[in-house]
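# Survey of secondary and tertiary structure
These are the residues of each chain, in order.
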Amino acid sequence: MEKILIIEPKLIHWTTVEPLIVCYLKKGWKVEIFIPHQFLSIYNYYSKVHHLENYSHQIELIPYNTRNIFRLLFKSSPKISIVANRFFLEKPNKLPFFHQLFEFFQIFTRSILKILLLKIRLKNSFFIITTHFVDVTNIPKRSLTLNKTVDSLLGYMWKKSKEFSKGINVYSSLVKKNLDNIDNKSVFVAPNAIYRYDGGKINLNDHKKLVIVIPGRIDKRRRYYSWINKIDSQLSKNFDIRFIGKANSQDDIFIIRELEKLGFPQFVKKINEFISFSQFDKFLEQADILFVPIVDLKNPKRQIDRNLGAFFDSVRYGKPLIIPSSMPIPDELKDSLITYENDSDLIRLLKKIKSNPNYLHNIKEKAHVNSKNWLYENIKFFDHVEKKLI
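Residues numbered from 1 in each chain as written. Predicted model: local features only at pLDDT ≥ 70, side-chain atom pairs only at ≥ 80, totals over all residues. Heavy atoms only, no water.

### What to know about helix 12 (residues 357-371)
Each α-helix winds once per 3.6 residues, and so residues spaced three or four apart point in a common direction. End to end, helix 12 covers 21 Å across 15 residues, agreeing with the expected 21 Å (1.5 Å per residue, within 8%). What helix 12 keeps buried is the set Y359, L360, I363, A367, N370 and S371. In an axial view of helix 12, the angular spread of the buried residues amounts to 110°, which keeps them on one side of the axis. Exposed residues on helix 12 whose side chains face more than 90 degrees from its buried face are P357, N358 and H361. (Helix = DSSP H or I, 4+ residues; strand = E, 2+ residues; numbered from the N terminus. Expected span 1.5 Å × (residues − 1). Buried < 20%, exposed > 50% of the residue type's maximum accessible area, 1.4 Å probe, protein only. Arc of directions from axis to C-beta.)

### A short note on the packing of helix 1 (residues 14-26) against helix 13 (residues 381-389)
Direction vectors running N to C along helix 1 and helix 13 enclose 70°, while the axes themselves pass 11 Å from each other. Classed by the angle they form, the pair helix 1 and helix 13 counts as roughly perpendicular. Crossing hand, helix 1 versus helix 13: right-handed. For the pair helix 1 and helix 13, contact is made by P19, L20, C23 and Y24 and by F381, F382 and V385, respectively. For the contact of helix 1 with helix 13, the per-class residue count stands at seven nonpolar, no polar and no charged. (Axes fitted to C-alpha atoms, helices over the stretch in contact; angles between N-to-C directions. Parallel < 35°, antiparallel > 145°, perpendicular 65-115°, else oblique. Left-handed = near helix turned anticlockwise from the far one by under 90°. Contact = heavy atoms within 4.5 Å. Nonpolar A, V, L, I, M, F, W, Y, C, P; charged D, E, K, R; others polar.)

### Regarding the sheet that holds strand 3 (residues 59-63)
The sheet built from seven strands is open, its strands ordered 3-2-1-4-5-6-7 with parallel pairing. Whereas interior strands pair on both sides, the edge strands pair on one side only; in this sheet they are strand 3 and strand 7 (186-189). Taken pair by pair, the neighbouring strands of this sheet meet at an average axis angle of 20°, ignoring direction. Pairing between strand 4 (residues 80-84) and strand 5 (residues 126-130): five bridges, direction parallel. Its bridge partner lying in strand 5, I80 is registered against F126. (Pairing = 2+ DSSP bridges.)

### Here we look at the environment of S336
With respect to the secondary-structure elements, S336 resides in the loop between strand 11 (321-324) and strand 12 (337-340). A relative accessible area of 1% means that S336 is categorised as buried. Each C-alpha atom, one on S336 and one on T131, is 23 Å from the other, the two residues being 205 residues apart in sequence. Sequence-distant contacts of S336, defined by excluding residues within four places in its chain, comprise S314, K319, P320, L321, A367 and N370. Within polar-contact distance, the side chain of S336 engages the side chain of N370 at 2.8 Å. (Polar contact = N/O pair within 3.5 Å; in protein donor to acceptor, adjacent residues only side chain to side chain.)

### Remarks on the environment of I194
When you line up the elements, I194 lands in the loop between strand 7 and strand 8 (210-215). Note on I194: relative accessible area 2%, which makes it buried. For the pair I194 and S371, spaced 177 residues apart in the sequence, the C-alpha separation amounts to 8.3 Å. Leave out the neighbours within four places in its chain, and I194 touches E18, P19, V22, C23, H50, R316, W374, Y376 and I379.

### Quick word on the environment of E365
Among the secondary structure elements, E365 is positioned in helix 12. Along the sequence, E365 and P320 sit 45 residues apart, while their C-alpha atoms lie 8.6 Å from each other.

### Thoughts on a nonpolar patch on the surface
On the surface, a cluster of nonpolar side chains totalling about 290 Å² of accessible area is made up of F108, I112, L116 and I120. Its place among the elements puts F108 in helix 4 (residues 97-120). On the basis of relative accessible area, F108 is assigned to the partly exposed category, the value being 34%. (Patch = residues over 30% accessible without salt bridge, like charges linked within 9 Å, V, L, I, M, F, W, Y side chains within 5 Å. Areas by Shrake-Rupley, 256 points an atom, 1.4 Å probe, with all protein chains shown as cover. Salt bridge = Lys/Arg side-chain N within 4 Å of Asp/Glu carboxyl O.)

Shape descriptors only; they carry no functional weight alone.
This is how it looks when you write it as structure tokens:
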């Protein structure tokens, strides 16, 4: 049985790991996934969504910690390794002096183990580095500790990871087109999600109102909320607009209540309110449209490589997504997205959606059809990788 090793140190990026797990299990591979231990509960839920109960003997979930980096050194080399670039970075904390010394020691130890893993295991596999960003050449400054010994080790590890890698995974064609110097590496557009409903039943909206869901946490750094002030309360007769994501502060709750005052009931009522996976799925399945009011960033690189989470949701649930026209759109997602110029244009768009049933049907159908490109059997990424293995 062929084996793939997937390493993802950040739990919030589990959504990009999901399609790799599903597809390689169904291809008959053994899958080792090195990820924070909280992923176990996530996998237990989504394995049922993807009907993976019969593949449990093929998958090994390895909790992400220093001890298990050491243990990976003694496992057999995989045929393919897909490793997030975050694995080769560190993000030091600002701590009191003696605590800082201990952290430097931990970083030093982890870095030595990672370098050994690179040279003993990853180098001998078809090793792919995953990145969410167009900047892949230089080590990020936030990963430097200002300790010369530790920083030189981090720099060496970063250099060797690029040297030993056979290719780079990105999550959109836009990122691929705009990558900086990649030393003639193969670049793969990896699946950013997997479409959920391969013949299964979708929970359609059974409400009289059109449901628009804003998925993800309330975040004033990355999203803007001035559009709420332009909403006519009369729209609440025809629309149900919901925030479905975490509120981290009282300011976030204030934003939710402003929309609620206009006649749009909200699910989230308090700070840090937990939304289960099944609840989140149900809300997005029953949505007619998704909406993410993304902030217009002036840095063109950051415009390209951020906010992919909303794109993933659009593909995963087969829903059209409304975003500002300032957001660059990958070619593969154009049929899933609807854009608006400004807040006034957004209001006009909502009125058009309500008054023109044919328009609503067409945008929903296009998004649904486009999402089928992310069905297991239609994803081309795996064929592209396997051609390089020959």
